[in-house]
Amino acid sequence: MSELYRSVLFMPGSNPRVIEKARTLDADVIVFDLEDATAPEAKVEARDLVCKALKEGGFGRSKLVVRVNGLTTKWWMDDMAVICAARPEAIIVPKISSEQDVLTATSAMVHEGGDGIALWAMLETPLAFLNAGQIAAADPRLQCLLIGTNDLVKDLRAKHVADRSSVMTALGTGIMAARAYDLIAIDGVYNDFKDHTGLEKHAVQARDMGYDGKSLIHPSQIEIANAVFSPSEDEISEARALIEAFNDAKRQQKGVATFQGKMIEELHVTEAERVLEIAYTLGKG
């Protein structure tokens, strides 16, 4: 059964009402945020609220992940100590820019008893994308790369544009690094949570590039992300038919297998099998 990472919803860890709301949502991943979404004066209280929520559970099928504060802040070491004890599925460390940053984070996780907790790294600086391959290969505990386009646009002195041409090099680099080292790849956020059309366009773009899902900032975005990153009924039917055509050609010992007028190979079967695995996870198999 395939793991799903279609919708990765960031929620402030400092708001008890929001945490309670998270128990009713259909996001594949809930991220309790101790970094950007939590004011400096609320960080210690937020840490305690998040730990309490993790221990109480009740979030349905959603994977529970925590974004701690960055490695250059005064909070990150205490974050690691407290959050590792609460046992989320993963810890996100923001502004990872080098192999050494990964090793610093995983070393702290091990020191705090975080064996079995995965590391997710946010790539959101120019240096991060220059070092993306080294970051992706740095430690087997690293499970996922998340793209942070807001900070990247700021650091590049670029602009947010509709087709994301200003960050396309980074998006391409991120997915290549993730796939080269068999990591999950999550696209960045879409800031205007009321613009569902724009969100869908960015999600489709990310899906077509190979990303597994999208970072979200509002519950209203979940349904769109889940839909875009799920195979349609037509895609599921086509995947079944392609596999059958390939297997039929093998049974008949044909030198070439064709489907819908095109040659198909093992690589096409592998992709079709991935589609069916996701469909099975979603109960459509």
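Use the structure listed above.
Residues numbered from 1 in each chain as written. Predicted model: local features only at pLDDT ≥ 70, side-chain atom pairs only at ≥ 80, totals over all residues. Heavy atoms only, no water.

1. Here we look at the overall build of the chain
Reasoning step 1: Of the regular secondary structure elements, the chain holds 12 helices and 10 strands.
Reasoning step 2: The C-alpha atoms of the chain give 20 Å as radius of gyration, which agrees with the globular expectation for 285 residues (19 Å, within 12%).
Reasoning step 3: By principal-axis analysis of the C-alpha atoms, the chain measures approximately 70 × 40 × 40 Å.
Reasoning step 4: Taking all 285 residues of the chain together, 51% fall into the buried category.
Reasoning step 5: Accessible surface, the chain: about 13900 Å² in total, of which carbon and sulfur atoms supply 52%.
Reasoning step 6: In the chain, 31 side chains carry a positive charge and 42 a negative one; their mean positions are 3 Å apart. (Helix = DSSP H or I, 4+ residues; strand = E, 2+ residues; numbered from the N terminus. Rg over C-alpha atoms; globule rule 2.2 N^0.38 Å. Buried < 20%, exposed > 50% of the residue type's maximum accessible area, 1.4 Å probe, protein only. Areas by Shrake-Rupley, 256 points an atom, 1.4 Å probe, with all protein chains shown as cover. Lys, Arg positive; Asp, Glu negative; His and termini not counted. Charge placed at Lys NZ, Arg CZ, Asp CG, Glu CD.)

2. Observations regarding the environment of glycine 261
Reasoning step 1: Residue placement: glycine 261 occurs in the loop between strand S9 (257–259) and strand S10 (262–264).
Reasoning step 2: On a C-alpha basis, the gap between glycine 261 and threonine 169 in space is 34 Å, while along the polypeptide they are 92 residues apart.

3. A word on the pattern of salt bridges
Here the idea is simple: oppositely charged side chains can pair when their charged atoms come close.
Reasoning step 1: Going through the model one piece at a time under the given rule, you end up with 22 salt bridges.
Reasoning step 2: Aspartate 36 is the partner of arginine 67 in a salt bridge, and the nearest nitrogen-oxygen pair spans 3.9 Å. Taken together, the residues span a long stretch of sequence, with arginine 67 in strand S3 (residues 63–67) and aspartate 36 in the loop between strand S2 (29–33) and helix H2 (43–56) at a distance of 31 residues.
Reasoning step 3: Given the relative accessible area of 7%, arginine 67 is considered buried.
Reasoning step 4: Between lysine 52 and glutamate 56 there is a salt bridge, with the nearest N and O atoms lying 2.6 Å from each other. Residue lysine 52 and its partner glutamate 56 are located together in helix H2, separated by 4 residues, close to a single helical turn.
Reasoning step 5: One salt-bridge network, in which partners are shared between bridges, spans Asp33, Glu35, Asp36, Arg67, Lys95 and Asp151. (Salt bridge = Lys/Arg side-chain N within 4 Å of Asp/Glu carboxyl O.)

4. Section: the nonpolar core
Reasoning step 1: Phe32, Met80, Ile91, Val93 and Leu145 are the most contacted members of the largest nonpolar core, which totals 67 residues.
Reasoning step 2: If one sorts the elements of this core by residue count, H2 sits on top with 6 residues.
Reasoning step 3: In this structure methionine 80 touches Val68, Ile91, Val93, Ala105, Ala108, Met109 and Glu112, once residues within four positions along its chain are discounted.
Reasoning step 4: By size, the runner-up hydrophobic cluster in this structure holds 15 residues, among which are Tyr5, Val29, Leu146 and Ile186. (Core = buried A, V, L, I, M, F, W, Y, C linked by side-chain atoms within 4.5 Å. Contact = heavy atoms within 4.5 Å.)

5. Things to note about helix H12 (residues 266–281)
Reasoning step 1: Taking 1.5 Å of rise per residue, the 16 residues of H12 would be expected to cover 22 Å, and the 23 Å separating its terminal C-alpha atoms lies within 8% of that figure.
Reasoning step 2: Within H12 the residues assigned to the buried category are Val269, Ala272, Val275, Ile278 and Ala279.
Reasoning step 3: In this structure, the buried residues of H12 make contact with helix H11 (233–251). (Expected span 1.5 Å × (residues − 1).)

6. Topic: the packing of aromatic side chains
Reasoning step 1: Per the stated rule, a full pass over the model turns up 2 aromatic pairs.
Reasoning step 2: For the pair tyrosine 5 and tryptophan 120, a centre-to-centre distance of 6.0 Å together with 65° between the ring planes defines the contact as edge-to-face. Pair noted here: tyrosine 5 is in the segment before strand S1 (7–12) and tryptophan 120 is in strand S5 (residues 118–123), with a separation of 115 residues, a long-range link.
Reasoning step 3: Look at tryptophan 120 and you get buried, because its relative accessible area is 1%.
Reasoning step 4: When the centroid spacing of 5.5 Å and the interplanar angle of 70° are considered together, the rings of phenylalanine 32 and phenylalanine 59 count as edge-to-face. With phenylalanine 32 in strand S2 and phenylalanine 59 in the loop between H2 and S3, this residue pair connects regions lying 27 residues apart in the sequence.
Reasoning step 5: A relative accessible area of 4% places phenylalanine 59 in the buried class. (Phe/Tyr/Trp six-rings, centres within 6.5 Å; stacked < 30°, edge-to-face > 60°.)

7. Focus: the state of the cysteines
Reasoning step 1: Per the stated rule, a full pass over the model turns up 0 disulfides.
Reasoning step 2: Left without a disulfide partner, cysteine 51 is nearest to the cysteine sulfur of cysteine 84, which lies 9.8 Å away.
Reasoning step 3: Note on cysteine 84: relative accessible area 1%, which makes it buried. (Disulfide = S-S within 2.5 Å.)

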